[in-house]
Structures are given as structure tokens and as C-alpha cells.
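# Fold and contact review
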Amino acid sequence: MSSPTSTPVGSKPSSDGLASPPSQRRRGQDSSNGDLPAMPTSPATDIASPAVHDTSLFSSPRRSVLPSEVDMSSPLIGVRGTPVRQRPDLGSARKAPQVDLHTELPSADGAVASEQAAGQKLVIWGTDVNVGTCKEKFQRFLQRFIDPTSNEDENAGLDLNEPLYMQKLEEISVIGDPVLNVNCSHVQSFDADLYRQLISYPQEVIPTFDMAVNELFFERFPDSILEHQIQVRPYNALKTRNMRSLNPEDIDQMITISGMVIRTSQLIPEMQEAFFQCQVCAFSTRVEVDRGRIAEPAVCRNCNTTHSLALIHNRSAFSDKQMIKVQESPDDMPAGQTPHTTIVYAHNDLVDKVQPGDRINITGIYRAVPMRENPRQSTVKSVYKTHIDVIHFRKTDEKRLHGLDEDSDQKLFTEERVQTLKELAAKPDVYERLSSALAPSIYEQEDIKKGILLQLFGGTRKDFSQTGRGNFRAEVNILLCGDPGTSKSQLLQYVFNLVPRGQYTSGKGSSAVGLTAYVMKDPETKQLVLQTGALVLSDNGICCIDEFDKMSDSTRSVLHEVMEQQTISIAKAGIICQLNARTSVLAAANPVESQWNPKKTTIENIQLPHTLLSRFDLIFLMLDPQDEAYDRRLAHHLVALYYQSEEQIEEEFLDMAVLKDYIAYARTYINPRLNEEASQALIEAYVDMRKIGSGRGMVSAYPRQLESLIRLAEAHAKVRFSDKVETVDVEEAKRLHREALKQSATDPRTGFVDISILTTGMSATARKRKEEVAQALKKMIQSRGKTPAMKYQQLFDDLRGQSKAAITKDMFEEALRALADEDYLTVTGKTVRLL
Amino acid sequence: MRMWFVCRFCCPAAQSNSNPEWEAKVLEYFKGQLKEKESHSWVPSLNDVPLHYLKPNSLVKFRCLVQDMFDPEFYMGVYETVDPSTKANVLRCGKYKDVTECGVDLNSRNTVTAERQTFYCVPIPGESPWAKEISFLSAARVVPSTSYVPSRQKRSYEEDDDMDTQPQKQREPHTGGGTKWCHRQETEAPSSQTTAPSDCSSHLDLNFPLPGERGPACLVKVYEGLDSFKLNDTLEIYGILSVNPVLTVLGEEKDPSLLLLNPTESMETPEEQRAHDPPASLVPRLHMLYARPLQHNNPLLPSAPTEDQSAFVSSFLVEMASVRAELLAYLTHVLLGDGLAAEYLLLHLISNVYTRRDVLPLGKFTLNLSGCPLNSYTERLYQIVQQLVPCSYRLSMSLHTMNSMRLVPKKDYVANRLVSGALQLARNTSLFLDETQLEQGQLDSSGVRNITALGNLISWQKVDYDFSYHQMEFPCNINVLVTSEGRSLLPSDCQVPLQPQVTPPNMEEYLTTIHMAQFTSQINKFRVYLSLARTLDYSISDEVTKAVEDDFVDMRKDDPQSVTAEDLHRMLVVASITCSSNGWMRAKHIDMLRRSRTEQQKSLNGNEP
């Protein structure tokens, strides 16, 4: 960051107050304060100094000033006794002397804004703010500002074609919460000069706003009773977004930064007004805090006794204060550096508004306080302590509770970026482009990459809670299974790195609680707290689970709820709750016998319960194709991977950042709906799928598959940035679904696609064969006539001799079990008895 | 000459006020001076010279690792003081200083606020004793030009003479040399593991990544190029030493009555104060003028990429092949006559993550030496590796260490610092995981986390630092060597079962003899070779590409089950490390040998997966 060099005296005055370094705007001090050299003065809290003017013309700026003081604290007109609430967030600037610019500073050329009229012009010392003009402008803003395109949730229920803030004032009069939040971007679009003043001199301008709004309010609603006068809370200052970009020039200005709360302190009572009572005559007096200090009256004004006044604590006025530590949110940080933290002070009703872990946007005034000088030492540390006095908090993840997609205000796209993304979306081969940009280091596996791409986009979220079905899952779940060493883990790692809210866990090391949530004792507060696990943390993201097959059964069982209902229910240590876990699951599993056995079904190969498998929309097999041409291309790809230079790679593929933005944009702004043809196509597709099986007495599709198809089609429409799901999307969804089915639900014995492998764990042919064996066995036993007991081994041998097909011991035992279920026989040890 | 310039440039900015460019000029001057041949060796090093022999406000250098980055701070870049007697205002400069002079006029319009950042730097973790010693000795040569007490140097002189007059004399085993060095190092800071809690300064945890580390930690104030530094960078920092006792006193003298009125003082917890403002006598402040990123910390190699270095490299390249052969022979002896294992170990030692393709680190080569003889063989093996590489650490994977040790750095929000862990290592550190120490028992949750962290490190060359509310991924470049009895429980790129050709009756003696038989000059050549081979570029010709493709297809034809893409990955890494025209052939060959050996092992054991 730049370090401003010393500015030589006599330099040209900057044309407006914004550009000058803070040191030049540092306000002068009353000479009466000279006897308190060790006083912790903030450069910000001092009131007045001829800042923007070239004061080198005067030997001492104080001499020539005839301040006419404006009392910022009491906008008295029409207030009717509504008490004023102090604003510690603005510091102690309560009496601001005004300077007559016109008479005092004839040479101050560019310092005053151009609208300066001839005649007297009063501004607050150290600024170019004229209280009257400023008030007028703000009132005009309140009365006239209309934002028809507003989509903030604060404005829900307001008529967008009426003046926005007048409606808000009405709201205040009804609800009685005397706080008016003002969006700075509104101010900026209404009056850029007012905005500049607000940003540069918040300490002076905000009280002026307060005055203005109270005048206006009590004029309109003269009968309303408020707890205290209305306070204006601006937010969304465009000045600074990132904690990292704060620099000395931001001192004393209004800024907005985003971050995450990491620690909050206890409540600190801060004295605002001290109450003194004379020990001799009981005369009492009040002294206000001035820049963090209280001047104890030395003499009683009533009885003239010296040093007789004592502080009465419980009659003094205190305000609440809280220290909050905010850390840079991980998305804002450059790689390889540690996050910065900033100290924030919250005052009065903003205390305890945020909790550790909250992601917030803070609007406040940036302060720097020099280290206290120790009278016993000749030197002092040359660093300032910095903090932010908060004016407004805005939680960015607040809406998570409402179940809306909250990415909307987190990820901001510049105009150009949106343009590039839209251009990309307009390309006919965008789908192929994106899928090939996904994990370029992994060779081919086109369909799998396409599946994952659709998973990244996800379907459209629908709410059927009125009809009693609850939320309709929009997330696509994918299972990858296959031979070890087919870069499944690598694909998972890639996805995990691509999505903002991704989690990566391995089935081997994770437990059920690690995935869901657990209750633990907080070491600091000694209270029970709920710690969330990977699935909850990846809400609205993707949870990558490696080694899915190595997971214990109890762990896997929690996934049932997550993968369909998208919630996690917890009943532990007296905490009973249901957490949202709207996460897509991308899992990878290895076959049980380390190599995929093509003679077995998917279920048999990976030994996962079919109830779980049916919750995956797509199940892909990643097999070694064992084909010469493939091998050659693979080898070529890998050699290139190792030896190609960085630039060559970059030319070939889309940037990961573009891909990220593309996905984020589509997820936020595109919500495709089915159009008529697409619905018809989906219905047909589903009926066709059902038909395939019905011919052979099997069910080859369930409503779940239809839902999968819809999700995939919606995701594909999102890839195209289309608001309508069209037939092309359905076609692709069908193709991909079939492709995945072909791989995973093919009956190895017949070669047909059979969805029942996934839904019941056994193919229809296998079930049929089981029945046949049982019937053959029954027939055989019946043909023997009345023999109450038989030897097990003998029966097995007989059956094998009789049957044409080979019968294994497993099959024989299954047949016995089937007959036992029919109550036809019982098996005890080595003998089989008829009943 | 050093201190002179510092003083003149840093104190009164008032005089040079007419020339605001002075800051840039200072840097230029120092950079220019330090470019001059040998000039950097004039500057005393904090690594070698005890802190109390260094003059405050003098120019020093520090070879270190950025362990933590604190928040940026604002300071008075220029301030005005009022002389109480003459009432004269004087402009002063606050840059490169921790404290201001008395009588600061806080309301002066000439005050300029500037920004700087503090890095917490520790000596490079796991730096081998030989590397420290050599750099110490080379520093000792220039001792006369600095101003610290000469009586301290007597011993160094003697040793220096020793080295010069009898270069061929066999040196004592290096462990001895290392401890001696430690005695000399009086700035050693007690780390919490090694000292009793009664020690007066034991409350001050200097936050070294590895247990038992010593050396000064330093708070480095950085003024320029903040964005160019990253956590875990290894740097050689040239800066101005500041040990003003005021820094310490300020923290302790706290008037509780003032806390209420000046709440800015209370916002720091005592832990935070301790972490951010430790006594300057233990953790000196260093105001950075100039920092040179270190590609390696091998003192035998010129560190700066100058003509000097390229000349050195090209001269060494001539004997590269012969040195490699000798080193291979040496390692073969060490690995009990197993030539194949020795070749793999050599390749492992010079491997380097040279780039990343999306998430995939390329060039990593984690070696699993299985079938290691028990009884402290692995320990001796580590000592020999330590003799060869400039940075290393042996993690004995006993159940207790895995359960109790902190491997992953964790952010401590109370003290507002990153508490280090054993995996916070500099690039190209050799991490020696000794799995033979593992006994039966139960890993607890932190043990499982540690194993997962090691697995992540090996597979992806990254460590996920724990920031409590989220994790942050820091890529790393660490050479991991796993020694185990059977197959390791950790993943690895390459497993080589050790097949000892000799079975010496006394292992200890055998290895010591091998080690003693090498001349120091020879060992030094090995060291240079290992550091240099790692930095060489790899390239491949079209014919080789073709050959690789053909070979891969052929291999798959013979036995598609046993040759997978993973095998090709491994062979390509080996080929690129081997770094010669027939790299691929060699890679194929040794991989075949290795494979037949693992097959053999499998059929012997029968039940291994």
C-alpha cells in the first residue's frame, strides 16, 4: 500500500476535501485543552479545524475564527419533548462551530462546493458542510427519492412508485422504532455532492440528517410518541468493500466493509454524563463526557467549596458499548496470506446484534487513535490503534433462515463480467465448453463431467409446502464408482475447490456426527453449543464424500434424510432441532473387491444399500476402458500435462475463475421453468422408461427418476442461461440419465437396463431365477413323497444333479430360505424337515 | 559503514523534506550496496550472532520463515515535535522506527499517517545443523568489520582456522557439532516443550513450528510490497534492528483506572498483548529495508540468481553425473546395499512440485520405504538424510505423538495469532515420517485429524489451516519420506520394499563407518547436487512423447489390470526427475524392477492387499 509522504507546507490546496490526506484534515484543538497533554484525543473527535483551506496564510487559524455554534444535539422544532438519544457512534462532536467562509477565507478558491451562493456562507469548521443546505437537501431526498427497481428485502411491502423513505417514516410512526436506515447508493444517485459530504464528514453530516429527519417526521406525525428521536443509519457506502483495502486515507470517513464476526466482548458501560454532588451543600451538577474525559469541577458553584464534589455513579448516565472483532471473509483474501482482523465498536442498541460466526456488512466510521503518551517516558510508540465505530450492521447470511438463495448480495458482478458471461452463454457449444473446462487435468470422462457440471448448476428450487409435500429437492446427487486409480478423488478435489461452499470429507475418517452436527461444551462460555458438520456447512453447496463405501452404516444412515428431505434432525443433549442441509452430494466409492467385477451388479460391486443408491440422480461408473486408442490418448494427455507450459494450458481451457463466476451467476439469477413442450417431452420420457420394463414384467422407472429428469433438464437450461426449460434440455437430461443408467443399472446377466437393481437391490431376472430354483426344489421334495426329514447335503447334491443350470450353494440356501418363508419346511442344523 | 547510513537516512526527515523521494533513494542505495559482491556477508545475521552483541538501530539480516502475518498498523510517518525549552517545532520521520521522540504535537497538520504491516518470523524450521554451522562460519569470517565484542569470536576464529588449515580432517559426527553450536546461540528461546514452567520467560511461547527449535523470533515491520509476501515464504531480510526497551515497558505499565476512560487500551487481551508485543529483548523488531526470497537455504550455493550463480551452476554441471554416481553409491551403502531403493531415495530427495494443474500438484514424489529393519535403523537413516538436505524434520509416528502433537496450524482468536504446527514448513523441507514407531492402540479424534492432514499433504501437497470458523488451504511443497515395516497406512506415490543385501551385525557401527568414510568436501558436493538438481528445468522431446505413448499402450496390452493411469503418472514424474535424455527408459526400467519386487513381496506375504 502506498505510504503517503510528508506533504510540504505551502502546497496547492486540493480542490475538494476528499483528496487530501487525513493528516491535513486533522482538526485543531481548543487552546483550553492545552493543559491536558496526555489526553487520549482522537484526531477524529476533535471538532474544528480549517482543514480544507490553505491555512498557511494565517499564522494561527484559531485567531481569526468567530465561531457561531450549532448545537447538533437538539433539533428542537416540533419535537415535543421526545428525548434525544446520544450517538456515541459518531463520537462526541456535539457542538460544531461554524465558520463563515465568505468573510473569513476570501482566498479559499476550490474548497467550497460550486453551489456556494454569494453572501454569507456558514460551514462547519473543518468541512465544507453547510448545515442549512445539507438539511434541506436531505429533506428533499427523503421526500422525493423513488427507486422503482428496488429489490431489497427491507423494502418488501412498500409501494415502489411512492417516495421510499416517506413510507419508511410512516412505518416508524406505526411501529415506533426510531431508526431510519438509509441506503447510501440512493443518496448518491439522488445527490452526488451530498453523498460525498456524507462519506467524508459523517460525524457532522449524520447529526444534520438526524435533525432534518426529525423535523420532517414531527411535522408529519405530530402526535407520534417515540422512545427517542429518530436516528439516521446510513449503510452500503460504496467507499470500501474489503478490509484489506483500508488505508490511512479512510480515517474519519464512512466506510462499509464485509467480514465475519470472530469474537464479541462483554458489554462495556461507557459514561456519557457524570453526575457530581457537593459533599457540603448537596448541590448537584452534570458534566458531559468530552472526548473520553470528564472534567471534574474543582469548585462547587453553589457554596464555593473547593474539591467538594463527588461522583455519584448510579445517577450518572452510561451507554452500552461492545467490542467486536471482525475477520476478513475467506472469499476476499488473496491466496497464501492470513486473514486480517479489525476491531469494531457497537453502541447502544447495536450491542449484541451479532454473534461470532455471523457474516456481516458493517457501515461505520474508521478511527485511528494514537498511543497514549506516558508522562514518565520520553518516547512513545508511533502506532495508531484503529477501530470502526459502527453505525449499521447488515447480516449477509441472515436470509439463510428464510430458505432463499442467499448468494444474491454476496457475489457482485461487474457489468463487463456479466457481459462476458452472457457472451459465453450465447455460444451454441457452451455446454461442451464448460464441461471440458471442468478439471482439465482429468482425461475424457465427458459424460461424468457433464453430469457434475449439471450438479454444479442444480435445479430450480420449488416449494410445495402448501400442498403438503414440502420442499422439492433441487440439488442433484451424483455417485461415482469404479476402479481405484481412475482419478475419482481428483475430480472430487476439483469440485471442492471450485464451489464457494464446498466440503470435502472422506468416508474413512468421518463419523455420523462429523457429517451432521454435534453438541459440545464451549471452552470459553461453558455452554453447550451446536457444532455443525460437513453436510450442514455445505448448505447451498456441494459436499464431496470420498470413500463412500468405507463409511460405517450408522453414518450412512444420516444421509437418507439429507439426500431427500434436505434437512438434518438432531436430538442431543436437550437440543432438538432441524437444520437445513440443502446440499448436493458428490460421492465416490470403490468396488468391494478392489477391482470392478463386470459380472456383478452395481449393488453387488459396491455393497451399498439400495435405499441410498436410489437417492442418487446419476450413478456413473468410472471404469478402465482397456482399449488401445484410449490408452494412447490418455498417455498423450498425461505427457502434455507434465510437460506443457503454463501458457499453453491456459490457451486451451477456460479460466477457472470464469467458470466459477459463470456458475455463481447462473445459480443466482437464472430460475428456469418448464415450458409446455418440455413438460410433454418429460412425460413421454417417463412413460417410455416405464414401458421398457413393463414388457418384461419389470419396473424400470419410478417417480424419483422423473424428478431427476426434471432437475437435470432445469440445470441444463441454467447452463444456457435460459429462463425456460425447453425440449433440448429434456433431451440432454434424458441422454445423460440413460447414459448413467446404462453404466450402472445394466443387469450383467441379461444386458438390459433394469432400474430395479438400484431400487430393490436385485435385478428382476435374478429375482425370477431365485423363484425358479425354489420351485424346482419344492417340486423335487414333493416328488419324493412322504419323507419328514432329509439330509441337507444330500438334498443339495440331488438338486444339483437334477437342474440343468449350475446351482451354487448360495442359491440353494436362498431357495431353502424362500421355502421356509412359505412355511413349507424348516432347516435345523444339517437336516431339513417338512412341516 | 552500515549503521552510518541508517542513521543519516532515518532520523531527521525534516532536513530532507524538500526531497520527498528520499525513501525510494534509501531503498535503492541499500539494494545497490547489497548487490555488490560479498557485501551481504558484511551484514551480521540475527541467526548467527546473539542478540545482545548486536547494536540497536544497526543493519542486520535474518534468514527466516514468515510464520504469521499480523494486521496492518498505522503509524506516524512524519510527525512534529515541540521542544519544551525553545518552543521550536521540528519535523521528524517515524519510518523504520518503533517509537517517537518526546513532545509529539498530535494536532500538527504536518503529521502524515502511513501504513505498515508486521510479520512474525521464525528461523527456518528444521534447518539442518550443518547448514546453520556453515552459514555461521562464513559469517564469523566477517566478524572484524562489525562492532560486537571480540572476545566472543575467539572460538569461532579457532574453528575457522581449523576449517582452513585442515580441510580434509574428518569432522566429528554432526550431532556433536550441532549441540556445540547451540551453546553458542545464546538467544535461544525456551520453547514450551523443552523448559520447565518455572522458567521466568516460559510464559512466552515463541510459536516455533517444530518442537525443540531455538533461535530468535522476530517481528518484522514491512513497509513496501506487502502483497508480494506470503505465509511460509522463506526470506532473507535486511533491516534495522530495534530493541528499544520502551516497547516492553509500555505493555506492563497499565493503569487500570485509565482503562475505562480509554477503552482502546482494553481491547487487547493479555494473551494478545503477549503475542503481539513480546519483550524486545526476546523478540526483537526488525524494520525491513529489503527482503530477498530464498529459493533454498543451502549455504553452499550462491543464493541470489545472479551471474555468479549461473557460473556456479554451469561449472557444477560438468561434474554432475559423477557426483550423482557417487551419491548413489553412498546411498546404496546406507540402504544396506539396495541399489534400487537408493535410486528411488535419490529421486525422492530431488523431487519438487514444479507446477500445479488445477488441483493436481505435479512433480511430487512421496516415497514409502517399506521393510525397514527395526532398532533405530530409521533414526540413523534420518540422520544421514539430515546431513544431506538443508531442511528436514523427523516425525516419529508413535501413537502418543500422533494423538498429542499439533500438526496443523490453528488460529488462536484470543491471542489473535496463528499457533503453529509441525506441518508449517518451508518449501522443499524433507519430512521423514517414521511409521516403524507406530504401535497398537487407538487413535483419538485429534490423531485421526493428524493422519488425515498427513494424507492430504501427501496426496495434494496442501495443508488446511484451521481458522475455527473455516479452513484455509495453504499449498506446500514438502518432500515426504515414509519408512514403515509393511505397507504404509498413508498414501504414497511409490512404494519400494527394502531388500538388504548385507546384514551388518551392528547396524549403528555400520552406518557410522559409512558416514565417517565420506570426506566433508564430498558430502558438500552431495549437498550442492541435491539442491541444484531440484532447480533444473525439465523438458521432453516429441520422440520421447511418442515413445511414452507407445510404451504405455504396449504395457497395457500385456496386462491391462496392472498398469493404470496412476502408474503412468508415477513413471512420468520419475522420468522428469531423472532429467536426462533417457529418463523415460530409466523410469520404465526401475519401475519394472520395483514392481517385480512388490509382486514378490505380495506373494510372500500372501494376504497383503
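Computed from a predicted model, the values in this text were never measured in an experiment.

Counting its regular elements, chain B contains 18 helices and 18 strands. Taking all 609 residues of chain B together, the buried fraction comes to 57%. Considering only contacts within chain B whose residues lie at least 6 apart along the sequence, 76% involve residues at least 24 apart. On chain B, roughly 25100 Å² of surface is accessible, and the fraction owed to carbon and sulfur atoms is 53%.

So, on to the overall build of chain A. In terms of regular secondary structure, chain A is built from 26 helices and 29 strands. Across the 835 residues that make up chain A, the buried fraction comes to 53%. Excluding contacts between residues fewer than 6 apart, the proportion of contacts in chain A whose partners are at least 24 apart in sequence is 68%. Per element, the accessible surface of chain A, about 37000 Å² overall, is 50% carbon and sulfur.

Of note in this structure, E547 of chain A is not a glycine but carries a positive phi near 50°. Looking at the secondary structure, you find E547 of chain A in the loop between β20 (542-546) and α14 (553-564). Look at L336 of chain B: it is not a glycine, yet its phi comes out positive at around 55°. Structurally, L336 of chain B is set in the loop between α9 (307-334) and α10 (339-349).

Ranked by internal contacts, the top residues of the largest apolar core, which has 72 residues, are L327, Y330, L335, Y344, L369, Y529 and L530 of chain B. The leading source of residues in this core is α9 of chain B, at nine residues. If sequence neighbours within four positions are ignored, L369 of chain B has contacts with L335, A341, L381, V482, T483, S484, V496 and L498 of chain B. Listed in part, the 59 residues of the second largest apolar core include V476, F496, A588 and L682 of chain A.

Now for the pattern of salt bridges. All names here are of chain A. In this structure the tally under the stated criterion is 29 salt bridges over all chains. R286 is the partner of E273 in a salt bridge, and the nearest nitrogen-oxygen pair spans 3.3 Å. One end of the pair, E273, is in strand β6 (residues 254-278); the other, R286, is in strand β7 (residues 284-288), with 13 residues separating them in the sequence. Where R720 meets D729, a salt bridge forms, and the shortest distance between an N and an O atom there is 2.7 Å. Here D729 falls in the buried class, since its relative accessible area comes to 0%. Connected through salt bridges with shared partners, the residues K137, D191, D193 and R196 form a single ionic network.

By definition, the strands of a sheet pair up through backbone hydrogen bonds, in either a parallel or an antiparallel sense. Residues and elements named next belong to chain B. Taking strand neighbours across the sheet as the criterion, the five strands line up as β11-β14-β17-β10-β18 in an open arrangement whose pairing is parallel. Single-partner strands in this sheet number two, and they are β11 (392-396) and β18 (494-497). Put simply, the sheet's adjacent strands are angled 20° from each other on average, direction ignored. Two strands pair when backbone bridges link them, and strand β14 (residues 430-434) and strand β17 (residues 479-483) are joined in this way by five bridges, in the parallel orientation. Bridge assignment links D434 to a residue of β17, and that residue is T483.

Residue and element names in this part refer to chain A. All chains considered together, the criterion is met by 23 aromatic pairs over all chains. Between F496 and Y504 the ring centres are 5.8 Å apart and the planes differ by 50°, which places this aromatic pair in the tilted class. Overall, the relative accessible area of 18% leaves F496 in the buried class. The class of Y504 is partly exposed, set by a relative accessible area of 21%. Within the aromatic cluster, the residues linked to one another by ring pairs are F138, F141, F145, Y165, F190 and F209. Looking at K321, its charged tip hangs above the ring of Y345, at a distance of 4.4 Å from the centre.

Residues and elements named next belong to chain B. Residues D554, D558, D559 and E599 make up a contiguous surface patch of negative charge. Examined against the element boundaries, E599 turns out to sit in helix α18 (residues 583-605). Judged by relative accessible area, which is 44%, E599 ranks as partly exposed.

Turning to the side chain of Q197 of chain A, a few remarks are in order. Residues and elements named next belong to chain A. In this structure, Q197 sits in helix α6 (residues 192-200). Judged by relative accessible area, which is 4%, Q197 ranks as buried. Not counting the four nearest positions on each side in its chain, Q197 is found in contact with D128, V129, C134, P202 and V205.

To continue, consider the packing of helix α4 (residues 164-175) of chain A against helix α7 (residues 202-220) of chain A. Residues and elements named next belong to chain A. Between α4 and α7, whose axes approach to 11 Å, the crossing angle comes to 65°. By the criterion of interaxial angle, the relationship of α4 to α7 is roughly perpendicular. Handedness of the α4/α7 crossing: right-handed. Counting all contacts with α4, which are made through M166, L169, I172 and S173, the residues of α7 involved are V213, L216, F217 and R220. Each residue belonging to the contact of α4 with α7 can be placed in one class, and the counts come to six nonpolar, one polar and one charged.

A few words on the sheet that holds strand β16 (residues 478-482) of chain A. Residues and elements named next belong to chain A. Overall, parallel pairing links the five strands, which are arranged β17-β20-β23-β16-β24 in an open sheet. In the strand order of this sheet, the two ends are held by β17 (502-506) and β24 (618-622), each with one partner. If you compare each strand with its neighbour and ignore which way they point, the axes differ by 15° on average. In terms of strand pairing, β16 meets β24 through five bridges, oriented parallel.

It is worth spelling out the pairing of strand β16 (residues 471-475) of chain B at this point. Residue and element names in this part refer to chain B. By the alternation rule, side chains of β16 split into M472 and F474, which are all buried, and Q471, E473 and P475, of which none is buried. Pairing analysis gives five bridges linking strand β15 (residues 462-466) to β16, with the strands arranged antiparallel. Among the inter-strand pairings, D464 is bridged to a residue of β16, identified as E473. Following β15, the chain reverses through four residues before pairing antiparallel with β16; S468 in that reversal takes a positive phi of roughly 70°.

Another point: the packing of helix α8 (residues 415-426) of chain A against helix α19 (residues 656-669) of chain A. Residues and elements named next belong to chain A. Closest axis-to-axis distance for the α8/α19 pair is 10 Å, and the angle between their directions is 85°. Regarding the angle of α8 to α19, the classification is roughly perpendicular. Seen from α8, the contacting residues are R417, V418, L421, K422, L424 and A425; seen from α19, they are A657, V658, D661, Y662 and Y665. For the contact of α8 with α19, the per-class residue count stands at eight nonpolar, no polar and three charged.

Another point: helix α11 (residues 377-388) of chain B. Residues and elements named next belong to chain B. The end-to-end C-alpha distance of α11 is 17 Å, a good match for the 16 Å that twelve residues give at a rise of 1.5 Å each. Summarising burial for α11: ten of the twelve residues are buried, a large majority. Taken residue by residue, α11 has Y377, T378, R380, L381, Y382, I384, V385, Q386, Q387 and L388 as its buried positions.

A separate point is the confidence of the model for chain B. All names here are of chain B. Chain-level pLDDT for chain B is 74 on average; 76% of the residues reach the 70-or-more range. By mean pLDDT, helix α5 (residues 174-184) is the weakest element of chain B at 37, and β17 is the strongest at 91. Low pLDDT (under 50) marks residues 141-202, which in the prediction has 83 contacts with non-local residues, meaning those over four places away or in another chain. Scored as a whole, the predicted complex attains pTM 0.74, and scored at its interfaces, ipTM 0.76.

Residue and element names in this part refer to chain A. For strand β23 (residues 584-589), the buried fraction is high: six of the six residues fall into the buried class. Of the two faces of β23, both are covered, the one formed by S584, L586 and A588 as well as the one formed by V585, A587 and A589. Here four bridges tie β16 to β23, and the two strands are oriented parallel to one another. By the bridge assignment, L480 is partnered in β23 with A588. Here β20 pairs with β23 via four bridges, running parallel. Paired with I542 across the bridge in β23 is S584.

Here we take up the environment of A341 of chain B. All names here are of chain B. As for its placement among the helices and strands, A341 is situated in helix α10. For the pair A341 and Q495, spaced 154 residues apart in sequence, the C-alpha separation works out to 9.6 Å. With sequence-adjacent residues up to four places away left out, A341 is seen in contact with L335, L369, V496, L498 and R597.

Calculation criteria
- Residues numbered from 1 in each chain as written.
- Chains lettered and ligands numbered in written order.
- Predicted model: local features only at pLDDT ≥ 70, side-chain atom pairs only at ≥ 80, totals over all residues.
- Heavy atoms only, no water.
- Helix = DSSP H or I, 4+ residues; strand = E, 2+ residues; numbered from the N terminus.
- Buried < 20%, exposed > 50% of the residue type's maximum accessible area, 1.4 Å probe, protein only.
- Contact = heavy atoms within 4.5 Å.
- Areas by Shrake-Rupley, 256 points an atom, 1.4 Å probe, with all protein chains shown as cover.
- Core = buried A, V, L, I, M, F, W, Y, C linked by side-chain atoms within 4.5 Å.
- Salt bridge = Lys/Arg side-chain N within 4 Å of Asp/Glu carboxyl O.
- Pairing = 2+ DSSP bridges.
- Axes fitted to C-alpha atoms, helices over the stretch in contact; angles between N-to-C directions.
- Phe/Tyr/Trp six-rings, centres within 6.5 Å; stacked < 30°, edge-to-face > 60°.
- Lys NZ or Arg CZ within 6 Å of the ring centre and 35° of its normal.
- Patch = residues over 30% accessible without salt bridge, like charges linked within 9 Å, V, L, I, M, F, W, Y side chains within 5 Å.
- Lys, Arg positive; Asp, Glu negative; His and termini not counted.
- Charge placed at Lys NZ, Arg CZ, Asp CG, Glu CD.
- Parallel < 35°, antiparallel > 145°, perpendicular 65-115°, else oblique.
- Left-handed = near helix turned anticlockwise from the far one by under 90°.
- Nonpolar A, V, L, I, M, F, W, Y, C, P; charged D, E, K, R; others polar.
- Expected span 1.5 Å × (residues − 1).
- pLDDT = per-residue confidence, 0-100.

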